[in-house]
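# What the coordinates show
Below are the chains, spelled out letter by letter.
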Amino acid sequence: MKQYLKYIKPYLVSFVVGPLLMIVEVLGEVLMPYFMSLIINEGVANRNVSYIVGIGLTMVLTAFIMMAGGIGGAYFGAKGAISFAADVRRDVFLKIQKFSFANIDKFSTGSLVTRLTNDITQMQNLVNMALRMMLRAPGMLIGAIIMAFGMNPRLALVILVVGPLLALAIFCIVRVAFPRFDIMQKKLDFVNSGIQEALTNVRVIKSFVRGNYEEEKFSRANDDLKEASLNAFRVMILMMPVMTLAMNLTVLAVVWFGGKQVIAGEMLVGDLTAFITYITQILMSLMMLSMVLLQSSRAIASARRVQEVLNETIDLTDDQARYKNLEVRRGKIEFKNVSFRYYKDNHEKVLENISFVANPGEIVGIIGSTGCGKTSLVQMIPRLYDADEGEVLVDDVNVREYSLYHLRNGVGMVLQKNVLFSGTIEENLLWGDEKASEDVLSAAARAAQAEDFINSFIDGYDTELGQGGVNVSGGQKQRLCIARALLKKPKILILDDSTSAVDTATESRIRESFSTSLKDTTKVIIAQRITSVMDADRILVMDEGKIVGEGKHMELLKSCEAYQEIYYSQMDKEAS
Ligand code: UTP
Ligand code: MG
């Protein structure tokens with residue numbers, strides 16, 4: 001928990017002044033019953049009106065000072081807590097941005113959202129509560145005990161009986177509640193993950209008519225959360241009634257024993273009324289303390305979950321970057337005996353002993369059956385994942401020795417499952433190059449064969465895209481993604497099945513424009529259709545994580561069995 005101290009530091013003023021102002025309020029609270037007893041004992045008993053007025057005015061003044069303290073304390077409390085939470089949230093978000101794919105897979109996005117929102121809110125609530133109660137509750141407890149014992153030590157012994165009993169009850173309640181809140185938070189994760197998945201994939205769910213299934217899945221998670229919450233709050237619910245019962249019984253005892261003393265002339269009536277107030281204050285402060293304790297049990301569970309994110313070791317870093325300022329200049333790619341698996345514990349290798357060289361400016365085609373490892377292979381180049389064995393070199397330098405920034409800047413990648421963001425087409429394209437002029441923008445769009453359809457929209461480049469680019473067709477989206485990657489003017493361009501939804505004529509025009517506008521860029525093209533890679537300078541044929549053939553189209557057609565198989569199956573289809 002120590003690591004959260006640094007989030008308190010910038011707001012130290014709030015964290016100190018807030019509780020101190022609350023002390024002002026407490027002092028007033030403890031003095032008020034005493035003033036009251038003076039009025040009854042001295043003023044009323046002796047019919048001394050001017051005395052009553054004097055003390056009364058003092059009480060009014062005290063009340064105003066108390067209010068000022070209360071307002072100030074609450075203000076600084078809220079300010080400290082809100083600023084604290086905002087800073088933690090910012091850091092968690094920044095950390096998640098640095099996560100590798102593997103890191104994100106480990107947490108799941110739903111859980112990350114819960115941690116960023118609900119968990120941090122729990123922490124904020126605790127800090128706010130602590131700032132207001134930290135000094136106030138103990139202050140009231142101690143102040144009231146001193147006043148009560150000072151007034152009537154014999155009667156104050158009642159506290160010695162009730163206090164420990166009550167503390168024990170509170171302790172038991174909090175102990176039972178603690179683990180239940182932990183469970184509740186985990187269930188909330190499930191609900192959030194469910195919501196996240198269902199909302200982002202609402203189109204797929206509808207097209208598969210899986211709405212009912214999703215509803216059921218969601219209600220199950222929701223019911224689980226409800227049960228877990230009820231379970232936790234059932235314990236919490238006990239708190240108030242137990243406190244009230246204790247309070248009432250104690251007051252009764254005080255009136256009983258105190259009343260006897262008053263009758264016997266051993267105690268003044270005013271003291272008895274003040275005494276009852278002090279007893280109530282003592283119990284109230286115990287209740288406040290228990291509330292803080294309970295909130296902290298929730299917040300500590302949350303703080304741990306947030307800490308897990310903050311302390312996660314990012315498995316893709318710049319640590320080994322020897323050439324932090326090196327940029328990708330030529331675009332040569334070399335794989336030396338690269339092996340890779342997604343799950344490190346005795347799972348099969350997804351890539352095995354991959355070796356090949358691609359020279360600057362070449363077109364490299366990669367072809368092979370689905371699941372054979374094509375995407376996995378190209379992801380090694382911009383270091384979306386790291387190779388387990390062997391080396392990946394770009395311009396004869398190991399990719400780990402570049403800074404991630406320069407490496408990824410030099411590599412343009414159109415992912416197989418690519419997305420656009422909400423905003424206009426232009427805004428989306430500018431991701432590739434923030435400063436691109438209109439001419440550059442339209443040149444890239446032209447090269448990706450996107451210009452015609454963009455201009456056919458009424459708003460042209462200002463057409464608003466929905467989240468994920470839902471309001472353009474699959475093929476249009478792919479061409480926008482290509483244009484976006486082209487704007488980066490990368491030295492290496494990777495297209496992972498990026499023209500699968502584009503018709504063959506348009507696709508061949510895209511290829512043609514590449515040969516003129518991207519002459520010096522090394523192009524790695526993954527495709528299902530042989531026609532997409534036929535003209536490549538070098539074709540890699542993959543099967544089950546291995547390269548089983550390498551060469552030009554005609555060579556492979558003669559020598560590579562796997563290639564012949566793919567070729568003839570596609571030719572047959574076209575012929576029939
Ligand atoms: P790839 O995703 O590299 O296959 O997965 P691919 O050749 O590109 O396939 P298509 O043509 O796009 O369909 C290779 C293997 O790695 C596993 C998959 O199960 C597959 O067998 N894999 C992939 C994972 O285990 N985790 C992932 O995140 C991705
Ligand atoms: Mg793939």
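Before any of the text, the structure's been laid out above.
### Things to note about the overall build of the protein
Within the protein one finds 20 helices and 12 strands. Its C-alpha radius of gyration of 36 Å places the protein more than 25% over the 25 Å reference for a compact globule of 576 residues. Per-residue burial for the protein yields a buried fraction of 48% across its 576 residues. Sequence-distant contacts in the protein: of pairs separated by 6 or more residues, those separated by 24 or more amount to 78%. Accessible surface computed for the protein: about 29900 Å², of which carbon and sulfur atoms make up 60%.

### Overview of unusual backbone geometry
Positive phi is not limited to glycine here, since N337 has a value of about 50 degrees. Relative to the helices and strands, N337 is located in strand β1 (residues 333-340). Residue N337 is classed as partly exposed on the basis of its relative accessible area of 46%. Within the chain, E544 stands out as a residue other than glycine whose phi angle is a positive 45 degrees. In this structure, E544 sits in the loop between β11 (538-543) and β12 (546-551).

### Focus on the side chain of S290
Position of S290 relative to the elements: it lies in helix α10 (residues 269-311). A residue is classified by how much of its surface remains accessible, and S290, at 1% relative accessible area, is buried. A distance of 2.5 Å separates a polar side-chain atom of S290 from the backbone oxygen of M287.

### A word on the coordination of the magnesium ion (ligand 2)
Reference geometry at the metal: tetrahedral coordination by four donors gives ideal angles of 109.5 degrees; octahedral coordination by six donors gives 90 or 180 degrees. The magnesium ion (ligand 2) binds to the protein through T375 (OG1) and Q416 (OE1); the donor distances cover 1.9 to 2.2 Å. Of this pair, T375 sits in helix α11 (residues 374-379) while Q416 sits in the loop between β6 (411-414) and β7 (423-424), placing them 41 residues apart in sequence. Overall, T375 belongs to the partly exposed group, its relative accessible area being 23%.

### With respect to the nonpolar core
Counting residues in each nonpolar core, the largest one holds 48 residues, and the members touching the most others are L155, L166, V254 and F275. For this core, the elements supplying multiple residues, two or more each, are α2 (12-44), α5 (109-133), α6 (136-151), α7 (153-200), α9 (211-263) and α10. In terms of residue count, the dominant contributor to this core is α7 (14 residues).

### Some points on the packing of aromatic side chains
Considering all chains together, one arrives at 14 aromatic pairs under this definition. A centroid spacing of 6.3 Å and a plane angle of 45 degrees characterise the contact between Y4 and Y7, whose relative ring orientation is tilted. Look at Y7 and you get buried, because its relative accessible area is 4%. Taken together, a centroid distance of 5.2 Å and an interplanar angle of 80 degrees make the contact between Y567 and Y568 edge-to-face. Ring pairing ties together the aromatic residues F101, F340, Y342 and Y385, which thus form one cluster.

### Description of the site of ligand 1
In the region of ligand 1, the neighbouring residues are Y342, Y343, V350, T370, G371, C372, G373, K374, T375, S376, Q416 and Q528. T375 is positioned such that a nitrogen or oxygen atom in its side chain is 2.6 Å from an oxygen atom of ligand 1. Within the side chain of Q416, an N or O atom sits 2.6 Å from an oxygen atom of ligand 1. Protein coverage of the free-state accessible area of ligand 1, which is 600 Å², stands at 65%. Here the residues of the shell around ligand 1 are counted per class, giving 4 nonpolar, 7 polar and 1 charged.

### Considering a nonpolar patch on the surface
A cluster of nonpolar side chains, contributed by V49, V53, L57, V60, F64, M67 and I71, occupies part of the molecular surface with about 710 Å² of accessible area. Within the fold, L57 resides in helix α3 (residues 49-98). Owing to a relative accessible area of 57%, L57 belongs among the exposed residues under this scheme.

### Observations regarding the pattern of salt bridges
Applying the stated criterion across every chain yields a total of 23 salt bridges. The salt bridge involving E29 is made with R136; its shortest N-O contact spans 2.8 Å. Taken together, the positions of E29 in helix α2 and R136 in helix α6 put the pair 107 residues apart, joining distant regions of the chain. Classification of R136 as buried rests on a relative accessible area of 15%. Two residues, E308 and R115, come together in a salt bridge whose shortest N-O distance is 2.9 Å. Residue E308 is found in helix α10, and its partner R115 is found in helix α5; the two are separated by 193 residues along the sequence. Judged by relative accessible area, which is 43%, E308 ranks as partly exposed. Here the residues in one salt-bridge network are E507, R511, R529 and D535, joined through shared partners.

### A look at the pairing of β11
When you tally the buried positions in β11, you get 5 out of 6 residues, the bulk of the element. With 5 bridges joining them, strand β3 (residues 363-368) and β11 adopt parallel strand pairing. Directly across from G365, in β11, lies its bridge partner I539. Direction of pairing for β11 relative to β12: antiparallel, over a ladder of 5 bridges. Along β12, the bridge assignment pairs L540 with E550. Adjacent in sequence and paired antiparallel, β11 and β12 are bridged by 2 residues, among which E544 carries a positive phi angle near 45 degrees.

About the criteria used
- Residues numbered from 1 in each chain as written.
- Chains lettered and ligands numbered in written order.
- Predicted model: local features only at pLDDT ≥ 70, side-chain atom pairs only at ≥ 80, totals over all residues.
- Heavy atoms only, no water.
- Helix = DSSP H or I, 4+ residues; strand = E, 2+ residues; numbered from the N terminus.
- Rg over C-alpha atoms; globule rule 2.2 N^0.38 Å.
- Buried < 20%, exposed > 50% of the residue type's maximum accessible area, 1.4 Å probe, protein only.
- Contact = heavy atoms within 4.5 Å.
- Areas by Shrake-Rupley, 256 points an atom, 1.4 Å probe, with all protein chains shown as cover.
- Polar contact = N/O pair within 3.5 Å; in protein donor to acceptor, adjacent residues only side chain to side chain.
- Donors = N, O, S within 2.8 Å, 3.2 Å for Na, K, Ca; no water.
- Core = buried A, V, L, I, M, F, W, Y, C linked by side-chain atoms within 4.5 Å.
- Phe/Tyr/Trp six-rings, centres within 6.5 Å; stacked < 30°, edge-to-face > 60°.
- Near = heavy atom within 4 Å.
- Nonpolar A, V, L, I, M, F, W, Y, C, P; charged D, E, K, R; others polar.
- Patch = residues over 30% accessible without salt bridge, like charges linked within 9 Å, V, L, I, M, F, W, Y side chains within 5 Å.
- Salt bridge = Lys/Arg side-chain N within 4 Å of Asp/Glu carboxyl O.
- Pairing = 2+ DSSP bridges.

From the geometry alone we can't say anything about function, so treat these as descriptive.
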